[in-house]
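What follows is each chain in one-letter form.
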Amino acid sequence: MSSLIDFPILALLAITAVTIARMRDLWAAIMFTGIYSFLSASWMLILDAPDVAFTEAAVGAGIATVLMLSTLALTGKKDRQLAHAPIMPFFLVLITGCVLVYGTLDMPHFGDPKAPIQLHPNPSFVEKSQHDMHGLPNVVTAVLASYRGYDTLGETTVVLTAGIAVLIILRKENDAPEQDASAETMS
């Protein structure tokens with residue numbers, strides 16, 4: 001049943017990534033990166049990782065979009081046209097992608113009951129976690145929702161603070177002409 005939504009979200013992620021790579025309008029590309037982040041957050045929710053989904057939505061779609069729009073306000077709105085086709089970066093990305101896919105070929109399938117992580121859980125951990133589950137579907141989700149939620153909130157706060165600091169550093173100095181004008185009227 002979950003594959004009915006898995007494949008459309010993965011297809012939308014791929015389509016959005018290709019669209020972003022082909023765009024020359026930077027404002028539209030930033031908006032599409034926000035869409036990509038929300039799709040990624042949706043995918044993480046399907047994988048029962050709510051803390052990762054929350055962080056992706058807050059940081060990827062929220063703070064990163066604001067920072068990119070702020071940067072866009074300081075730069076041009078259109079990407080410059082390249083004089084030649086970027087063949088070397090394309091092949092570098094292609095080779096890197098192939099190496100990464102090759103590295104995953106010996107991994108167990110998602111949810112495989114014979115995977116090493118499924119065969120060797122500590123029984124006392126599972127027994128002690130039953131009290132904290134509060135109706136959540138499994139122990140991992142209970143730990144992530146109960147304990148890691150505070151950690152995720154802290155990480156999001158740190159990133160928000162860093163984003164605000166970057167915005168303060170990059171803001172335009174509009175106060176300087178007013179000070180010069182007031183100094184001239186006093187003389």
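Note that the structure is a prediction, hence the values are computed from the model and not measured.

Draft legend 1. Inspection of the side chain of Asp-6 at higher detail. Along the chain, Asp-6 falls in helix α1 (residues 3–22). Not counting the four nearest positions on each side in its chain, Asp-6 is found in contact with Trp-43 and Ile-46.

Draft legend 2. The arrangement of a nonpolar patch on the surface in detail. Among the surface-exposed residues, Ile-87, Phe-90, Phe-91, Leu-94, Ile-95 and Val-99 lie close enough to one another that they form a single nonpolar patch of about 590 Å² accessible area. Examined against the element boundaries, Phe-91 turns out to sit in helix α4 (residues 87–103). Under the relative-accessibility criterion, Phe-91 is labelled partly exposed at 41%.

Draft legend 3. Representation of α1 within the structure. Spanning 20 residues, α1 covers 29 Å between terminal C-alpha atoms, matching the ideal 28 Å at 1.5 Å per step. Turning to α1, its buried residues are Asp-6, Ile-9, Leu-13 and Thr-16. Within α1, the buried residues cover an arc of 105° as seen down the axis, which keeps them to one side. In α1, the exposed residues that point more than 90 degrees away from the buried face are Leu-4, Phe-7, Ile-15, Val-18 and Arg-22. Close packing links the buried residues of α1 with α2 (26–46).

Draft legend 4. Region of the structure containing the packing of α2 against helix α3 (residues 50–74). Contact geometry for α2 and α3: axes closest at 7 Å, N-to-C directions at 175°. As summarised for this structure, α2 and α3 are arranged roughly antiparallel, according to the angle between their axes. On the side of α2, the interface is formed by Leu-26, Trp-27, Ile-30, Met-31, Thr-33, Gly-34, Ser-37, Phe-38, Ser-40, Ala-41, Met-44 and Leu-45, while α3 contributes Pro-50, Val-52, Ala-53, Glu-56, Ala-57, Gly-60, Ala-61, Thr-65, Met-68, Leu-69 and Leu-72. Among the residues forming the contact of α2 with α3, the class breakdown is 16 nonpolar, 6 polar and 1 charged.

Draft legend 5. Focus on the confidence of the model for the protein chain. Chain-level statistics for the protein chain give a pLDDT mean of 78 and a share of 75% at 70 or above. Of all secondary-structure elements in the protein chain, the lowest mean pLDDT belongs to helix α9 (residues 175–186), at 54, while α4 reaches the highest, 92.

Draft legend 6. Seen up close, unusual backbone geometry. Of note, Asp-48 is a non-glycine position whose phi angle comes to about 60°, a positive value. Topologically, Asp-48 is positioned in the loop between α2 and α3. Its relative accessible area of 38% is what places Asp-48 among the partly exposed residues.

Draft legend 7. Expanded view of α3. Between its first and last C-alpha atoms α3 spans 35 Å; for 25 residues at 1.5 Å apiece the expected length is 36 Å, and the two agree. At Ala-64, α3 is deflected by roughly 30°, the largest bend along its length. Within α3 the residues assigned to the buried category are Asp-51, Ala-53, Gly-60, Ala-61, Ile-63, Thr-65 and Leu-72.

Draft legend 8. A look at the packing of aromatic side chains. Overall, the coordinates contain 1 aromatic pair when judged by the stated rule. Look at Phe-90 and Phe-91: their rings are 5.6 Å apart centre to centre, the planes differ by 65°, and that puts the pair in the edge-to-face class.

Draft legend 9. Representation of the side chain of Ser-37. The topology assignment puts Ser-37 in helix α2. On the basis of relative accessible area, Ser-37 is assigned to the buried category, the value being 7%. Within the structure, Ser-37 has its side chain in polar contact with the side chain of Glu-56 (distance 3.2 Å). Of the polar contacts made by the side chain of Ser-37, one reaches the backbone oxygen of Gly-60; its length is 3.3 Å. Leave out the neighbours within four places in its chain, and Ser-37 touches Glu-56, Gly-60 and Ala-61.

Scoring rules and cut-offs
Residues numbered from 1 in each chain as written. Predicted model: local features only at pLDDT ≥ 70, side-chain atom pairs only at ≥ 80, totals over all residues. Heavy atoms only, no water. Helix = DSSP H or I, 4+ residues; strand = E, 2+ residues; numbered from the N terminus. Contact = heavy atoms within 4.5 Å. Patch = residues over 30% accessible without salt bridge, like charges linked within 9 Å, V, L, I, M, F, W, Y side chains within 5 Å. Areas by Shrake-Rupley, 256 points an atom, 1.4 Å probe, with all protein chains shown as cover. Salt bridge = Lys/Arg side-chain N within 4 Å of Asp/Glu carboxyl O. Buried < 20%, exposed > 50% of the residue type's maximum accessible area, 1.4 Å probe, protein only. Expected span 1.5 Å × (residues − 1). Arc of directions from axis to C-beta. Axes fitted to C-alpha atoms, helices over the stretch in contact; angles between N-to-C directions. Parallel < 35°, antiparallel > 145°, perpendicular 65-115°, else oblique. Nonpolar A, V, L, I, M, F, W, Y, C, P; charged D, E, K, R; others polar. pLDDT = per-residue confidence, 0-100. Bend = angle between axes of the 7 residues up to and from the residue. Phe/Tyr/Trp six-rings, centres within 6.5 Å; stacked < 30°, edge-to-face > 60°. Polar contact = N/O pair within 3.5 Å; in protein donor to acceptor, adjacent residues only side chain to side chain.

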